[in-house]
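Residue strings, one per chain:
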Amino acid sequence: MKNIRIIILLLIVCYFPNLLLAQRFWAEDDGQYYEFSEKGIELINPKSAQRTLFLANKLLVPTGKTNALEISHFSISNNKERILLYTNSKRVWREETRGDYWVFDKKTNQLTQLGASFPVSQLMFAKFNPQGTKVAYVVKSNHNIYVEDLATGAIKQITTDGTDRIINGTFDWVYEEEFGCKDGFRWSPDGNAIAYWKLDARAIRNFLMINNTDSIYSYTIPIEYPKVGQAPSACTIWTYQLATDATTQIQVPGDAIQHYIPRMEWSLDSKQVILQQLNRKQNESKIYLIDVATNNAKNIHNEKNDSWIDIKSRWNNNDPTGWDWIQNGKAFIWVSEKEGWRKIYQIDLQGNEKLITHADYDVIDIELFDAKREIIYFSASPNNATQKYLYSVSTKGGAPKRLTPEAFSGTCEYDIAKNGQIAIFNFSNNKTAKSNALIELPTHKTLIDFRDTISKKPEDGITEFFKVTTADGVSLDGWMVKPSNFNPNKKYPVVFMVYGEPASQTVLDNFRAGMNSLYSGNMSKDGYIYISLENRGAPAPKGTEWRKSIYRKIGQLNIRDQALGAKEILKWSFVDSSRIAVWGWSGGGSSTLNLLGQYPEIYKTGIAIAAVADQLLYDNVYQERYMGLPQENLEDFQNGSPLKYAKNIKGNLLYIHGTGDDNVHYQNAEVLINELVKNNVQFQFMSYPNRSHSINEGEGTSQHLKTLFTNYLKQHCPPGAR
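What counts as what
- Residues numbered from 1 in each chain as written.
- Predicted model: local features only at pLDDT ≥ 70, side-chain atom pairs only at ≥ 80, totals over all residues.
- Heavy atoms only, no water.
- UniProt positions renumbered as here; feature names shortened; annotations may be inferred.
- Helix = DSSP H or I, 4+ residues; strand = E, 2+ residues; numbered from the N terminus.
- Pairing = 2+ DSSP bridges.
- Axes fitted to C-alpha atoms, helices over the stretch in contact; angles between N-to-C directions.
- Parallel < 35°, antiparallel > 145°, perpendicular 65-115°, else oblique.
- Left-handed = near helix turned anticlockwise from the far one by under 90°.
- Contact = heavy atoms within 4.5 Å.
- Nonpolar A, V, L, I, M, F, W, Y, C, P; charged D, E, K, R; others polar.
- Salt bridge = Lys/Arg side-chain N within 4 Å of Asp/Glu carboxyl O.
- Buried < 20%, exposed > 50% of the residue type's maximum accessible area, 1.4 Å probe, protein only.
- Expected span 1.5 Å × (residues − 1).
- Arc of directions from axis to C-beta.
- Core = buried A, V, L, I, M, F, W, Y, C linked by side-chain atoms within 4.5 Å.

If you look the chain up in an unreviewed UniProt entry, it shows as DPP IV N-terminal domain-containing protein from Sphingobacterium anhuiense.

See the structure below:
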C-alpha cells in the first residue's frame, strides 16, 4: 500500500526529467563517478568536469552483433581488471531485477556472456568474488545459485533444490515488498564461501489474478501471497564452502516459520555470519552472531517494543543490505527508537551498547557511513518535520553538527561520494528547486554552484504550509495551494489529498508539494484549494510516540485526525463546505473510503484508487506489523477497514482499480462493490484490465486515468469561487 512513491516518481518525471536521464555511480575511493553516455561509460571528475572514457561502446558489441549492449548497471572487480555488465533487464515484482550479465576483461578486451546456456533475462544479482576471478548469480527460472569461473567458463551449481517455491539467493513477493529484500546471497570477504537465504514458500497459497484480454480463453496468474493471519514462508540461512562443496544450514534459534530474517551479512574476518531476526509480530528484534566453523549462535542484542520495530530499510532509503562495521569489525552502528527518538548506537560483538547521538530528535536517513574517517552523515530536521538537512557525528560520539547552511530552508538531498569528501547537493522548497551543486564535506563549502534552478510562478499557485490543532489537541502539519486569483471574500471548493498510513509522508517542504500529477490542467488556475494534512502514524520525524500511536488503529486514529483537521479547515471563511473532496491511492485510497464512510457529513466527493477495502485481504508482513495478529485482535482489523463503513457513504464516489494488481488485489474492489450494492450506495467504477498497482501499463493508460480523475472531480466538485 505504498503507491505514494510512484506518484512522486511521476512528478519527478514531469518536472525534473534531467534527474532521471543520467545514472551516477561513485568510484570507491577517489571522489569521481561513472556515468553512461553516448560514448559508453565515462568517468567524471566533478571538480574539474573532466570526462574520461572508461569503457567505449564499440567494445560492448557482442560477437555476431552490430549494436553495443544497452547497460543498466555495472560493477568493477576489486582488482579493477574486469567489469560486470547488467543488460536486457526485466521486471520481477517492483523492480527490474533479472536480466543478462556480461563480463568485460580490460586486459584482453574480451566480452563474455555469463550463464549463456540459461534462458534470456534469467540471471539475478550477479556479483564478483573479492578476487575478481568468479561470479555468483541466481537463475530466476529455477531459484538456484551458481558460481561461474571466469578463466575456464565452468559453472558450478551450488544449490539444487530450487523450485518456484524453494527460493535460494533471493526472496518471495512479500520480503521484497515489505522489507526491501531482493539480493539474497553474500560472498564472504575472503571469497571462500557464500552465505544465502533459503525461503520455503510451499505452504503459501497462490492468489490467482485473471487475464481476460490476452487470449480467447482467460488464464490465471498465480502469485504466492501470504494474507494477513497466514504464516509466512519458512526462512533459513545457509553457507556454501567453495573448497569442499559443503553446504550447511546456519542454526538460528527459534521457529523458521514464525520469524523473519530481513538482514544477514558476513563478519569482516569471514569467520562469522551476523543477522537480525524479527518475530512474527515484528515487535522483538534479536541480533545473532554465528560461528561458521562450529555453527554456534550467540545472541548479542535484543530489543522489544509495544508496537513494532523498523529495520534498516526504513533508515537507509529502502535498502536493508550491508552491515556498518566500525573498529575494524569489532563493533557496528545501529539505529533504534527505543528511547523515544530514532537514534544511532554503537554495538560491539559482545553486545555492549553505546549511544552515539544523544540529542532528542530523529535521524531520518543514514546518508553515508565513512568508516575510514569514523564519521556518520545523516539527515534530520529537529524543528520542522516537513524539512530535511544534513548532519554529521563521530562514531565516537559527541554532539551532532548540522552541515547544511541555515540559508537553505526546505528539503536538502545529498549524493555523497564513497570517500565522504564531496557530494552532489540538491535543494528544494515549496517555491524553488536547485540541483547539481558540488560541495566539500564536512565543511559544506561550495565548490561548484547549482547548475539548474526552477521556480514556480505565482499564477500557477504557490504552496503554503500551515498547522491546525484538532478538537483532540493534536497539531497537524499541512500544505495548501490556493486559487491563483484567490479572493478571501469568496468561497472555494477544497480537495484533500490523503495517504495516512505508516509507509509515507505527504506533507513535505519540497518543490513537489501541492502538485497533483493526476489532474489535467492546473488546480490553482481552475479555482480549487488543494490541501494535504499529516496525521499521527505518518513516518514524520516527530518522535516515536507520534509514529507508533497508530499501532492497531489504522483506519481509525489516522481517519479521526484527518476528519477533525478538516473540520477546523471548514471553519475558514473562504471554504465552501458543500464542495469538499478527498482522494488517495493505495493506503490513501483506503483512507479516502474510510473518510467517506466514517465522516459523510464532511466529504461530499471521493476518488479512491487501488484501495484495501478489507485489511484481512492485504499481506501479512505489512498489516501484522502495524495491526498485530487477527487471531488476537480481529476487531481492530474490522474496525479499521473501509468495508465496515461503506454503507454510510452519502456523497459521490469514483472507485478505480487495476485487475492485475499483485499488491492490493482486485479482490478488494469486488468485495467493496458487493457491500456498496447490498446497501444501495450508488457509485462509479473503473477497472483497468491487467494493470498493476501503479496503473501505468498499456498505451494511453496514464492519460486516460488523468482525464477520468479530472472530469469526475470537476463534475462532482465544481471548481471556482462562489
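Further remarks concern the UniProt feature "domain: Dipeptidylpeptidase IV N-terminal" (unreviewed entry) in the chain. In the numbering adopted here, UniProt assigns the feature "domain: Dipeptidylpeptidase IV N-terminal" (unreviewed entry) to residues 78-432. Within the segment residues 78-432, helix and strand shares are 2% and 47% respectively, and the terminal C-alpha atoms sit 41 Å apart.

Pairing is antiparallel across the open sheet formed by 4 strands, whose spatial order is β28-β29-β30-β31. In this open sheet, the two edge strands, each paired with only one partner strand, are β28 (365-370) and β31 (397-402). Adjacent strand axes in the sheet meet at a mean angle of 25 degrees, parallel and antiparallel pairs treated alike. The sheet contact formed by β28 and strand β29 (residues 375-380) spans 5 bridges and is antiparallel. By the bridge assignment, L368 is partnered in β29 with Y377.

Moving on: the packing of helix α5 (residues 557-570) against helix α6 (residues 587-598). Between α5 and α6, the shortest axis-to-axis distance is 10 Å and the interhelical angle comes to 65 degrees. Considering the angle they form, α5 stands roughly perpendicular to α6. Both α5 and α6 take part in a crossing whose hand is right-handed. Side by side, α5 and α6 meet where N558, I559, Q562 and A563 of the first sit next to S591, N594, L595 and Q598 of the second. A per-class count over the contact of α5 with α6 returns 3 nonpolar, 5 polar and no charged.

Turning our eyes to something else, we now look at the side chain of D365. Structurally, the position occupied by D365 is in strand β28. Beyond its immediate chain neighbours, meaning those up to four positions away, D365 contacts R314, W315, N316, N317, Y377, F378, S379 and K388.

Bringing the pattern of salt bridges into the picture now. The final tally for this structure, using the stated rule, is 47 salt bridges. K548 serves as the salt-bridge partner of E337, at 3.9 Å between the closest nitrogen and oxygen. Here E337, found in the loop between β25 (331-336) and β26 (343-348), pairs with K548, found in helix α4 (residues 544-548); they are 211 residues apart in sequence, far enough to count as distant. The class for E337 is buried, based on a relative accessible area of 7%. For K548, a relative accessible area of 10% puts it in the buried group. We note a salt bridge from E339 to K343, for which the minimum N-O separation is 3.7 Å. With relative accessibility at 44%, the residue E339 sits in the partly exposed group. A relative accessible area of 2% means that K343 is categorised as buried.

Helix length check: helix α9 (residues 667-678), at 12 residues, gives a terminal C-alpha distance of 17 Å against a target of 16 Å (1.5 Å per residue), a fit within 8%. For α9, the complete set of buried residues consists of N668, A669, L672, I673, E675 and L676. For α9, the arc enclosing every buried residue in end-on projection is 165 degrees, short of the 170-degree limit, so these residues lie on one face. Turned more than 90 degrees away from the buried face of α9 sit N674, V677 and K678, all of them exposed. Those residues of α9 hidden inside the fold are in contact with α6, β43 (652-658) and β44 (684-688). Following α9 by one or two positions, N680 has its phi on the positive side, about 55 degrees.

What follows covers the nonpolar core. Of all hydrophobic cores here, the largest spans 60 residues; its most connected members are Y175, F179, F185, I194, W197 and L275. Among the elements that make up this core, the one with the highest residue count is strand β15 (residues 193-200) (6 residues). Ranked by size, the runner-up nonpolar core spans 41 residues in total, among them Y492, V494, L593 and I602.

With that out of the way, let us pick up the environment of E635. Along the polypeptide, E635 turns up in helix α8 (residues 630-639). E635 gets classed as exposed once you look at its relative accessible area, which sits at 58%. Spatially, the C-alpha atoms of E635 and K182 are 34 Å apart, while their sequence positions differ by 453 residues.

Further remarks concern the sheet that holds strand β24 (residues 325-326). In spatial order, the strands read β24-β25-β26-β27; together these 4 strands make up an open sheet with antiparallel pairing. The open sheet has two free edges, formed respectively by β24 and β27 (353-355), since each of these has just one partner strand. Inspection of the sheet shows β25 paired to β26 by 6 bridges, in the antiparallel sense. Note on β26: the bridge partner recorded for A331 is D348.

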